[in-house]
Amino acid sequence: MFKNYIKIAWKVLMRRKLYAFVTLFGISLTLTLLFATTVFVDHIFASKGTESKFDRAIFAHTLRMTKRKTEDQSNNPFSYRFVRDYAYKMKTPELVAAYSGANLTNDLVYAYRNGKREPLTMRFTDGNYWQLVDLEFLEGRGYTLDEIEKDDKIVILDRKSREIYFNGEPCVGKTVQLKGVPFRVMGVVENVDAIRFSAYSNIWLPFTHTKHQEWGYFGHLQIAFLAHQQSDISKIQEEFADKLAKLDFSGTHFDSAYAKPKPATMDVWEKHDIYADSLGQFMEIEDVPYLLFGTVILMYLFLPGLNLISLNSTRIMERFPEIGARKSFGATTKHLAIQFMIENIMITLLGALIAGAATFIIIYLINDSGIFFNSQIAPGSRSFIVGIGSALILAILSGVTPSLKLAKTPIVKTLKNSTK
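Because the structure is a prediction, the values reported are computed rather than measured.

Rules and cut-offs
- Residues numbered from 1 in each chain as written.
- Predicted model: local features only at pLDDT ≥ 70, side-chain atom pairs only at ≥ 80, totals over all residues.
- Heavy atoms only, no water.
- Helix = DSSP H or I, 4+ residues; strand = E, 2+ residues; numbered from the N terminus.
- Buried < 20%, exposed > 50% of the residue type's maximum accessible area, 1.4 Å probe, protein only.
- Contact = heavy atoms within 4.5 Å.
- Areas by Shrake-Rupley, 256 points an atom, 1.4 Å probe, with all protein chains shown as cover.
- Expected span 1.5 Å × (residues − 1).
- Arc of directions from axis to C-beta.
- Patch = residues over 30% accessible without salt bridge, like charges linked within 9 Å, V, L, I, M, F, W, Y side chains within 5 Å.
- Salt bridge = Lys/Arg side-chain N within 4 Å of Asp/Glu carboxyl O.
- Pairing = 2+ DSSP bridges.
- Axes fitted to C-alpha atoms, helices over the stretch in contact; angles between N-to-C directions.
- Core = buried A, V, L, I, M, F, W, Y, C linked by side-chain atoms within 4.5 Å.
- pLDDT = per-residue confidence, 0-100.
- Phe/Tyr/Trp six-rings, centres within 6.5 Å; stacked < 30°, edge-to-face > 60°.

Engineer: Explain the overall build of the protein here, please?
Structural biologist: Regarding its fold elements, the protein presents 13 helices and 14 strands. Burial statistics for the protein: of 420 residues in total, 46% are counted as buried. Contacts in the protein between residues at least 24 apart in sequence constitute 78% of all its contacts with a sequence separation of at least 6. Carbon and sulfur atoms make up 61% of the accessible area of the protein, which amounts to about 21800 Å² in all.

Shown next, in the form of structure tokens:
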């Protein structure tokens, strides 16, 4: 039975080639936008590459300290004192690592190559950091906590930095000047994708060499907690909350503290945690970033859906003469609705194939252009499945309303419109 519907649908599409082409072009353009977004979202949020362990990790970026009576607040990253006295002593995590953000302007160093000044990003870390991220070492290794405590002036470079300072030659054991201070190169890693917020840098140094000041529990570090398994994440959050409740506030004018480690997928909200948490308290809603991001995604699907509904309605309205004729010869509303739905799914899937090819071309051009530092975006099976699934959902949703509405159109009306 469905073979007959498919044959009829295909004949109809081929009979109106120009109109089918225009419709197919609109659908392909819409789905290309949807597919490309799916690939980019998967590239940003998926735990892979240097962040392959992040599906079982949570991150605390800022500590909020409050004076209950006056409601005075202060929000800052964590100090090493807090990490040492509280975070490192937690028993639930498999690993606790501390490191600075890689987006502070005073964490830049400038090097010169061929007369051109090159800005290089520095990140300050502890020894556990190298067990958290999966960086590919081209030579040497990462430093340990013992080496940090000895105040060794050691440094890890990426391939780009090695090319600038040592013309790409092996450099472990050699010395590099950073802001006038000599550091011994301990290792070299492959360039890191700039979108990897917790792994990206050009230069990595022990946190003991940072120029950032610390005030009590406030400093320049963010904390990562690696769970043995995903089910332990909530236990880590509970233990961390217990640690905050036991903070010693003597010497400060604060009397309470708040911070909630969040999954790696929310790293993109790093700069907005303070505002999101404040908004969440005001609205009495937890995890506001998830709510905002979910709203954006729904709106993004809603707009292509409206576009497809409009295209399908226009395409089917052109079929009034056919609808009237077929109803005159006994075609039922059910038969017409099924045919329109099959046509819609067929042309949408054909548009999805074209959109998939266009998406691969767009991604290739973006990777080749080097617009995003060190980024090599690669469509994976997950983004492909999500893309095709979204296309099918949109095809069904965008076809239901016009198909049912026009299939139910009275014969008289369809014949009247066909004579105009």
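Engineer: Would you explain helix α7 (residues 233–245) in this entry?
Structural biologist: Since the α-helix turns once every 3.6 residues, residues separated by three or four places project in the same direction. A rise of 1.5 Å per residue sets the reference length of α7, with its 13 residues, at 18 Å; its end C-alpha atoms lie 19 Å apart and thus fit the reference within 8%. Turning to α7, its buried residues number three or more, namely I233, I236, E239, F240 and L244. The buried residues of α7 occupy an angular sector of 145 degrees when the element is viewed end-on, so they sit on one face. In α7, the exposed positions that point more than 90 degrees away from the buried face belong to E238 and A245. On its buried face, α7 sits against β1 (57–60), β2 (63–67), α3 (80–87), β12 (221–226) and β13 (256–258).

Engineer: Before we go on, may I ask you to explain a nonpolar patch on the surface in this structure?
Structural biologist: Taken together, the side chains of F21, F25 and L29 make up a nonpolar region of the molecular surface, amounting to roughly 360 Å² of accessible area. Mapped onto the elements, F21 comes out in helix α2 (residues 17–45). Overall, F21 belongs to the exposed group, its relative accessible area being 52%.

Engineer: How do you make sense of α3 when you look at a structure like this?
Structural biologist: Burial in α3 covers these residues: Y80, F82, V83, Y86 and A87. Along the axis of α3, the buried residues cluster in a sector spanning 165 degrees; they form a single face. Here the buried face of α3 lies against β4 (95–100), α5 (145–149), β12 and α7.

Engineer: Even after reading the chapter, I still don't get the environment of I388, so can you show me in this structure?
Structural biologist: Assignment of secondary structure puts I388 in helix α12 (residues 381–407). Given the relative accessible area of 23%, I388 is considered partly exposed. Sequence separation of I388 and L31 is 357 residues, and the distance between their C-alpha atoms is 9.4 Å. Beyond its immediate chain neighbours, meaning those up to four positions away, I388 contacts F35 and A352.

Engineer: Would you explain unusual backbone geometry in this entry?
Structural biologist: The phi angle of most residues is negative, glycine excepted, and most peptide bonds adopt the trans form. Phi at N167 is positive, roughly 55 degrees, even though this residue is not glycine. Structurally, the position occupied by N167 is in the loop between α6 (159–166) and β9 (175–178). Judged by its relative accessible area of 67%, N167 is exposed. Although it is not a glycine, K179 sits at a positive phi angle of roughly 55 degrees. On the secondary structure map, K179 appears in the loop between β9 and β10 (181–189).

Engineer: What am I meant to see in the sheet that holds β13 here?
Structural biologist: Working definition: the strands of a sheet are paired by backbone hydrogen bonds and lie parallel or antiparallel to each other. Taken together, 3 strands build an open sheet; the order of strands is β3-β2-β13 and the sheet is antiparallel. Looking at strand neighbours, the two that pair on one side only are β3 (72–76) and β13, the edges of this open sheet. Geometrically, the sheet is characterised by an average inter-axis angle of 20 degrees between neighbouring strands, direction not taken into account.

Engineer: What is the right way to read the environment of M122 from this model?
Structural biologist: By the secondary structure assignment, M122 is in strand β6 (residues 116–125). C-alpha separation for the pair M122 and V109, spaced 13 residues apart in sequence, amounts to 7.1 Å.

Engineer: I'm lost on the nonpolar core in this one. Help?
Structural biologist: Proteins that are soluble and globular tend to have nonpolar side chains buried together. Ranked by size, the top nonpolar core spans 68 residues in total, and within it F82, V155, I203, W204, F225 and F240 carry the most contacts. In contact with F225, other than residues within four places in its own chain, are R56, A57, I58, A60, A87, M90, P93, L95, V96, I236, F240 and P261.

Engineer: It is not clear to me how the pattern of salt bridges should be interpreted in this structure. Could you clarify?
Structural biologist: Opposite charge on two side chains allows them to pair when their charged atoms are near. Inspection of every chain in the model, using the stated rule, returns 9 salt bridges. Across the salt bridge formed by R56 and E94, the nearest N and O atoms sit 3.0 Å from each other. With R56 in the loop between α2 and β1 and E94 in the loop between α3 and β4, this pair connects stretches of sequence that are 38 residues apart. Because the salt bridges share partners, they merge into one network encompassing R159, E163 and E190.

Engineer: Could you clarify how one ought to interpret the environment of G216 in this entry?
Structural biologist: Within the element layout of this structure, G216 appears in the loop between β11 (203–206) and β12. Among the residues examined, G216 registers a relative accessible area of 35% and is labelled partly exposed. Sequence separation between G216 and G251 is 35 residues; the distance between their C-alpha atoms is 8.5 Å. Excluding its chain neighbours within four sequence positions, the residues that come into contact with G216 are S79 and R81.

Engineer: Any chance you could explain the confidence of the model for the protein here in plain terms?
Structural biologist: When pLDDT is low, close inspection of the predicted coordinates is not appropriate. In the predicted model, the protein carries a mean pLDDT of 77, and the fraction of residues at 70 or more is 67%. In the predicted structure, residues 266–289 sits below a pLDDT of 50 and forms 35 contacts with residues beyond four places in sequence or in another chain.

Engineer: What's the story with the packing of aromatic side chains in this structure? I'm lost.
Structural biologist: According to the stated counting rule, one finds 16 aromatic pairs in the structure shown. Both rings, one in F78 and one in F82, keep their centres 5.0 Å apart while their planes meet at 35 degrees; by these two values the pair is tilted. For the residue pair F78 and F82, the accessibility class agrees, reading buried in each case. Residues Y86 and Y217 carry aromatic rings whose centres are separated by 5.9 Å and whose planes lie at 80 degrees to one another, so their mutual orientation is edge-to-face. Within this pair, whereas Y86 is found in helix α3, its partner Y217 is found in the loop between β11 and β12, the two being separated by 131 residues in sequence. The exposure classification of Y86 matches that of Y217, with both residues buried.

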